Amino acid sequence: MDPVTNDQEAAASTDTRTTEPLTQHVQRANQWIRDFDRRHPLLWDSLFTGFWTTAALIDFTGGGWRNVTHNPDAPGPLLLVLTLGLSVPLLWRRTHPATVMVAMAPFAVVNAWSGATLQAALLQLVVIYHMALCRPLRDLWWATALMLTPVTVSTARYGEGEWSQQIGSYLTSVGVAVLIGITIRTRENYTEALEDRARRLEIERDQQARIATAAERARIAREMHDIIGHHLSVVTGLADGGKYAATRSPERAAQALDAIGTTSRQALGELRRLLDVLRDDESALPAERNPQPGLTDLHRLLDGVRTAGLPVRLTTAGRPATLPPGRELTVYRVVQEALTNTLKHAGPDATSEVVVVHGERGAVTVTITDTGEATPPTAPSDGRGLPGMRERTALYDGTLEAGPRPDPERGWRVHLHLPEESPQ
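Residues numbered from 1 in each chain as written. Predicted model: local features only at pLDDT ≥ 70, side-chain atom pairs only at ≥ 80, totals over all residues. Heavy atoms only, no water.

A. A look at the overall build of the chain. Along its length, the chain carries twelve helices and five strands. Across the 424 residues that make up the chain, the buried fraction comes to 34%. Pairs at least 24 apart in sequence give 70% of the contacts found in the chain among residues at least 6 apart. In the form shown here, the chain has an accessible surface area of approximately 26,000 Å², with 59% of it arising from carbon and sulfur atoms. (Helix = DSSP H or I, 4+ residues; strand = E, 2+ residues; numbered from the N terminus. Buried < 20%, exposed > 50% of the residue type's maximum accessible area, 1.4 Å probe, protein only. Contact = heavy atoms within 4.5 Å. Areas by Shrake-Rupley, 256 points an atom, 1.4 Å probe, with all protein chains shown as cover.)

B. Focus on the packing of aromatic side chains. Going through the model one piece at a time under the given rule, you end up with four aromatic pairs. Here W32 and F36 contribute two aromatic rings whose centre-to-centre distance is 5.5 Å and whose plane-to-plane angle is 15 degrees, an arrangement assigned as stacked. Of the two residues, W32 and F36 both sit in helix α2 (residues 21-39), four residues apart, roughly one turn of that helix. Looking at W32, the relative accessible area reads 54%, which means it is exposed. When its relative accessible area of 27% is taken as the criterion, F36 is described as partly exposed. Seen from their ring centres, F51 and W52 are 5.1 Å apart, and the 80 degrees between their planes marks the pair as edge-to-face. According to the relative accessible area criterion, F51 is exposed, its value standing at 53%. Taken together, the ring pairs connect W44, F48, F51 and W52 into an aromatic cluster. (Phe/Tyr/Trp six-rings, centres within 6.5 Å; stacked < 30°, edge-to-face > 60°.)

C. The pattern of salt bridges, seen in detail. Under the counting rule described, the total for this entry stands at twelve salt bridges. With a shortest N-O distance of 3.3 Å, D45 and R93 are connected by a salt bridge. With a gap of 48 residues between them, D45 in helix α3 (residues 41-61) and R93 in the loop between α4 (76-85) and α5 (97-114) connect regions that are remote in the sequence. Both residues of the pair, D45 and R93, belong to the buried class. A salt bridge links R413 to E401; its shortest N-O distance comes to 3.7 Å. With R413 in strand β5 (residues 412-418) and E401 in strand β4 (residues 399-404), this residue pair connects regions lying twelve residues apart in the sequence. Residue class for R413 comes out partly exposed when judged on its relative accessible area of 28%. Residue class for E401 comes out partly exposed when judged on its relative accessible area of 43%. Through salt bridges with shared partners, a single ionic network connects D37, D45, R93 and R94. (Salt bridge = Lys/Arg side-chain N within 4 Å of Asp/Glu carboxyl O.)

D. Region of interest: the packing of α5 against helix α6 (residues 124-134). Close contact between α5 and α6 brings their axes to 9 Å; oriented N to C, the two are set at 155 degrees. Between α5 and α6, the crossing angle belongs to the class labelled roughly antiparallel. Like other packed secondary-structure pairs, α5 and α6 cross with a definite hand, here left-handed. On α6, the residues touching P97, A98, V100, M101, M104, A105 and A108 of α5 are Q124, V127, I128, H130, M131 and C134. The residue inventory of the contact of α5 with α6, partitioned by class, reads eleven nonpolar, two polar and no charged. (Axes fitted to C-alpha atoms, helices over the stretch in contact; angles between N-to-C directions. Parallel < 35°, antiparallel > 145°, perpendicular 65-115°, else oblique. Left-handed = near helix turned anticlockwise from the far one by under 90°. Nonpolar A, V, L, I, M, F, W, Y, C, P; charged D, E, K, R; others polar.)

E. Geometry of the sheet that holds strand β3 (residues 364-370). The strand order across the open sheet built from five strands is β1-β2-β3-β5-β4, with neighbouring strands paired in mixed fashion. Looking at strand neighbours, the two that pair on one side only are β1 (312-317) and β4, the edges of this open sheet. Direction aside, neighbouring strands of the sheet carry axes that sit 10 degrees apart on average. The sheet contact formed by β1 and strand β2 (residues 352-358) spans six bridges and is parallel. Bridge pairing links L314 to V354 in β2. Contacts between helix α10 (residues 298-307) and the sheet are confined to β1 and β2, with β1 contributing the most and set at about 160 degrees to the helix. (Pairing = 2+ DSSP bridges.)

F. Layout of α6. For α6, the tally of buried residues reaches nine of eleven residues, placing the bulk of the element in the interior. All buried positions along α6 are accounted for by Q124, L125, V126, V127, I128, H130, M131, A132 and L133.

G. Representation of the packing of α2 against α3 within the structure. For the pair α2 and α3, interaxial distance at closest approach is 5 Å and the crossing angle is 100 degrees. Between α2 and α3, the interaxial angle falls into the category roughly perpendicular. Two secondary-structure elements touch here, α2 through F36, D37, R38 and R39 and α3 through P41, L43 and W44. In terms of residue class, the contact of α2 with α3 is built from four nonpolar, no polar and three charged.

H. Spotlight on empty space enclosed by the protein. What the rule picks out here adds up to two cavities of 30 Å³ or more. When its volume is computed, the second largest cavity comes out at roughly 50 Å³. Taken together, A338, N341, T342, I368, D370, L386, W412, R413 and V414 make up the full set of residues lining the second largest cavity. Class assignment of the residues belonging to the lining of the second largest cavity gives a composition of five nonpolar, two polar and two charged. (1 Å grid on protein atoms, 1.4 Å probe; cavity = no way out; pocket = protein on both sides within 12 Å on 5 of 7 lines; lining within 4 Å. Points joined across faces, edges and corners; volume = space filled by probe spheres on them.)

I. Expanded view of the pairing of β2. Burial of the side chains of β2 is restricted to one face: S352, V354, V356 and H358 are buried, whereas none of E353, V355 and V357 on the reverse face is. With helix α11 (residues 325-345) bridging β1 and its parallel neighbour β2, the resulting β-α-β unit is left-handed. The hairpin turn running from β2 into β3, its antiparallel successor, is five residues long, and R361 in that turn takes a positive phi close to 50 degrees. (Right-handed = clockwise from strand over helix to strand, strands pointing away.)

J. Region of the structure containing the layout of surface pockets. Considering only enclosed or pocket space, the largest pocket measures out at about 1,000 Å³ in volume. Taken together, 25 residues make up the lining of the largest pocket; nearest its centre are R34, D37, R38, R94 and E188. Breaking the lining of the largest pocket down by element, the ones donating at least two residues are α2, α3, α6 and α8 (163-248). Residue contributions to the lining of the largest pocket peak at nine residues, all from α2. Within the lining of the largest pocket, the residues separate by chemical class into eleven nonpolar, five polar and nine charged.

Dropping the structure here:
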């Protein structure tokens, strides 16, 4: 049978059980009783103790104890003391079961020695049940021995029935009470373990959600830095060029203004697409899912940089392979960031060259160099430029080197290498 079908049938049967009205009423009533007992434990203990104390007193005053007694002439005051001594301590059975067991033991021994044989002695089974429920299991050995002492005394003194029969019968009762206590204790421990596991899973889920949110914020910050930083650098270069050309060549100034408008619209379009994805308004129109830029968009990127006044030459070697969108985006953003830094810091007469070498199985090596005289400033940065490129590169186990070109060459060099893709 299909495992999926089994899971569906199990889920359906679970839904059927959970929607059973009688089961829901029982569960709600049980939960209400537990909550009430947790808030008012003394009230329940008093009701329980009062019930059994009343039953023991009825057995004493009504003469029911005479049906099983060995000594019908036992004095009344002694019987009253034994009745209260074997029933009233039940009030503390849940908080101090071991103490209650020790306190009831002398009354049980006197009850057996005097031959009164009051049925209230059986209330010790309730106490040993609570010991099995909340005390260390090793305490059950001495508690069982303590409970068997009155039976041994009664059998030795009055000699009715065989020893094995008397002790075995009582030992069976003790075993049943202990077994019930251990069963309920195991069930409660299992329930607590499930609840603890559920809490830890909830905490882990929240932690994973926070980690995912932080990673997504970092990714969005990188994207916005690349988009805004690059386009503003291009706009700045075009504006500076247009200012110088305004007095000498109005046509060139108009071209610069047109390029500024085009670049600004491209930046706004990319930002709008990025922000639309982040919107939580379900009534809004679906966000436009345009593909992220890749290697095929390098020519358009370089055209924009050339328009801003930076001559750029692109050289491609090797056979281009179909790369995953993430690897192509990494290459694109690294080239974009390197050219943006060149626009900012290389000076007016600088030139740049981009060399893309395709290797086997998706390996890519990109080198971006410029001939500028200036180098990136040493002032504190926003932490999104070179660190952002290194973060992107690290996602694919690549390496990124950035620094001045060796003498006698001038300018800056950025070298990116993405290794071969690991086989799936």
